[in-house]
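Examination of the molecular architecture
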Amino acid sequence: MKFVNPIIPGFAPDPSVVFVEGTFFLVNSSFHIFPGLPIYASKDLNTWTQIGNAINRTNQLDLDQANIDGFPLGPGKTLIAAQGLLAPTIRWHKGIFYVICTNSRSDGKNLHMKNFYVSTENIWLDEWSDPIWFDFQGIDPSLFFDDNDRAYIQGSWRAGPVYDPQCTIRQLEIDIKTGNALSETKEIWKGFAQKQDAEGPHIYKKDGIYYLIAAEAGTFEHHMITVARSSNIWGPYESHEENPILCAFEKQVEVQHTGHGDIFQDGNGGWWAVALGVRNRGGRYPLGRETFLMPVSWPEGGWPTMEHPTLAFEHQWSMSSADVEISVPQKQVKNVFIRNCDLSHYDFTKDGTIKIQATLKDLSTPTGTASFVGQRQKSLSSRAAATLQVPNVNTSTNMKAGLAMYKENYRHCEIYYDFGTSSICSTIVNKLKGEPVNVRRDLKAVGKIDLQIKCTPDSYELQYMTDAEDEWILMGEASTLDMTAYDFTGPLLGIFATSSEEQGNCIATFENFKII
């Protein structure tokens, strides 16, 4: 059978998978984006359908202060570290699905971490519980149920500041109903390299032995997956002599930065793994960290070995079911917003019209929300388009509305109409490169404007067209190389509206918003 990678393209880091009753379920990190923790389902490991989001109500938790840190990693290197919902794990036990995660924010020096899990008995309904919070000074929590139903949490314990986290893997036992600790939090592994950077732990029990995997060496060139094992869940854990079991460093392969993964079993007893990676093409990987699939060999009594992910591979495998179709949810689960959005500012009509109430904050706001709704960019070659209505309004209305590519407040580009000056504008923001690049062009009276962002592996072209033109006019162009960085997120394509007026009477009306 042929498999194609990435299985979840575009802004899909830190994957975790569970197999339940003939279906694979997968969750990714979402950081400062709402709804959070997207859930995907598949029957064949090739075709994945988003069926919901584990954080889908604004009152479940607070993302308002999920900020973005920028600090140097070395000469010419800056880390753009998004906060919010980090590194979830999905598990199933006795009829209940659990997603466990960290909600973080940074004050520039210290990381403030709140750990929680949510649950549901019917994952298809996309109805998740309120969070159950538990005390853990770290990130990347995982959940393991032993044969006796006792529940254990493993995580990356952080003893240091943001720029020097000093991570080791620690574990505690909890009451799954309350989140209360039933044991002390104990260190169980320093990691293979013992460089105080062990993250992303998961425990599996096979042949009576506990296997612990972790992600080490950051999340970029040196990223890796390592493994240890013990006859006791509390250790001591013996590190595999052939660690790491996955690492792209110094390999001449397109899929780079591989690490932070999860191992799972299919219905036929076969083993698989998912891991994050980037498609590095000449230093460009604009879609950010994506989810890749690979077969795993795990002999009885032995260690797991992973094949390095490739963009396509053949693997002998027969599905446990001939039915590969996943029902598409009736409600919209792909739309995303920035942090704690006010859903009353958005009006979605059945004919596809979207009305957005402009707010004071724009896409460069480091906290809080801006009036923006979009979707993840899933393809290197794609196109986002929308038609903006331009009614005959007073030019004193200082509203700007248009189409944007948004990674975070450090990097975004947009093409928009400025109602105050009756002009079409483009802006390219890259705080790592200096001041924004702005282009403005006056327009005669128009009733509507077609806006388009043409995405290619090399650039984002900001274009517009009115009734007076019969072709797209280029206003600005952002290089994907400039949008590639040491970062955590991926690009969103969407529509937005901002205004310098505090009144709620600035409404932008869009038609035919689509990404193809």
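Refer to the structure printed above.
These remarks concern the structure in this document. No experiment lies behind these values; they were computed from the predicted model shown.

1. A short note on the overall build of the protein
A tally of regular secondary structure across the protein gives 0 helices and 41 strands. Compactness check: the protein gives a C-alpha radius of gyration of 23 Å against a globular reference of 24 Å for 516 residues, within 12% of the reference. Principal-axis analysis of the C-alpha atoms places the extent of the protein at approximately 75 × 50 × 45 Å. For the protein, buried positions account for 59% of its 516 residues. Across the protein, contacts joining residues at least 24 apart in sequence account for 58% of those joining residues at least 6 apart. As displayed, the protein offers around 20800 Å² of accessible surface, 46% of which is attributable to carbon and sulfur atoms.

2. With respect to the sheet that holds strand S40 (residues 492-499)
If you trace the 6 strands from one edge of the open sheet to the other, you get S30-S40-S32-S33-S34-S35, paired in antiparallel fashion. Both outer strands of the open sheet, strand S30 (371-376) and strand S35 (437-442), are each paired with one neighbouring strand and no more. Strand-to-strand twist across the sheet, computed as the mean angle between neighbouring axes with direction ignored, equals 15 degrees. Alignment of strand S33 (residues 411-418) against strand S34 (residues 423-430), held across 8 bridges, turns out to be antiparallel. Note that in S34 the partner of His412 across the bridge is Val429.

3. Things to note about the packing of aromatic side chains
The description of an aromatic ring pair uses the distance of the two centres, along with the angle that the planes make with each other. All chains considered together, the criterion is met by 27 aromatic pairs. Ring centres 6.0 Å apart and planes at 90 degrees place the aromatic pair Tyr211 and Trp303 in the edge-to-face group. Note that Tyr211 is positioned in strand S18 (residues 209-216) and Trp303 in the loop between strand S24 (290-297) and strand S25 (305-306), a separation of 92 residues in sequence. Given a relative accessible area of 15%, Trp303 falls into the buried group. Grouping aromatic residues by their ring pairs yields a cluster made of Phe3, Phe19, Phe24, Phe264, Trp272, Phe313 and Trp317. For the cation-ring pair, Arg376 lies above Phe11, with the distance from its terminal atom to the ring centre recorded as 5.2 Å.

4. A word on the sheet that holds strand S11 (residues 111-120)
On the basis of which strands lie adjacent, the open sheet formed by 4 strands has the order S9-S10-S11-S12 and antiparallel pairing. Both edges of this open sheet fall to strand S9 (84-93) and strand S12 (132-134), since each of them pairs with a single strand only. Pairs of neighbouring strands in the sheet enclose a mean axial angle of 25 degrees, with direction left out of account. Here strand S10 (residues 96-106) pairs with S11 via 10 bridges, running antiparallel.

5. Quick word on the pattern of salt bridges
Applying the stated criterion to the full structure yields 19 salt bridges. Close ionic contact of Arg284 with Asp458 constitutes a salt bridge, the shortest N to O distance being 3.7 Å. One end of the pair, Arg284, is in the loop between strand S23 (271-279) and S24; the other, Asp458, is in the loop between strand S36 (448-455) and strand S37 (459-465), with 174 residues separating them in the sequence. The partner of Arg411 in a salt bridge is Glu408, with the nearest N and O atoms 2.7 Å apart. The residues Arg411 and Glu408 share a single accessibility class, namely buried. Bridged by salt links that share partners, the residues Lys407, Glu408, Arg411 and Asp487 form one connected network.

Criteria and thresholds
Residues numbered from 1 in each chain as written. Predicted model: local features only at pLDDT ≥ 70, side-chain atom pairs only at ≥ 80, totals over all residues. Heavy atoms only, no water. Helix = DSSP H or I, 4+ residues; strand = E, 2+ residues; numbered from the N terminus. Rg over C-alpha atoms; globule rule 2.2 N^0.38 Å. Buried < 20%, exposed > 50% of the residue type's maximum accessible area, 1.4 Å probe, protein only. Contact = heavy atoms within 4.5 Å. Areas by Shrake-Rupley, 256 points an atom, 1.4 Å probe, with all protein chains shown as cover. Pairing = 2+ DSSP bridges. Axes fitted to C-alpha atoms, helices over the stretch in contact; angles between N-to-C directions. Phe/Tyr/Trp six-rings, centres within 6.5 Å; stacked < 30°, edge-to-face > 60°. Lys NZ or Arg CZ within 6 Å of the ring centre and 35° of its normal. Salt bridge = Lys/Arg side-chain N within 4 Å of Asp/Glu carboxyl O.

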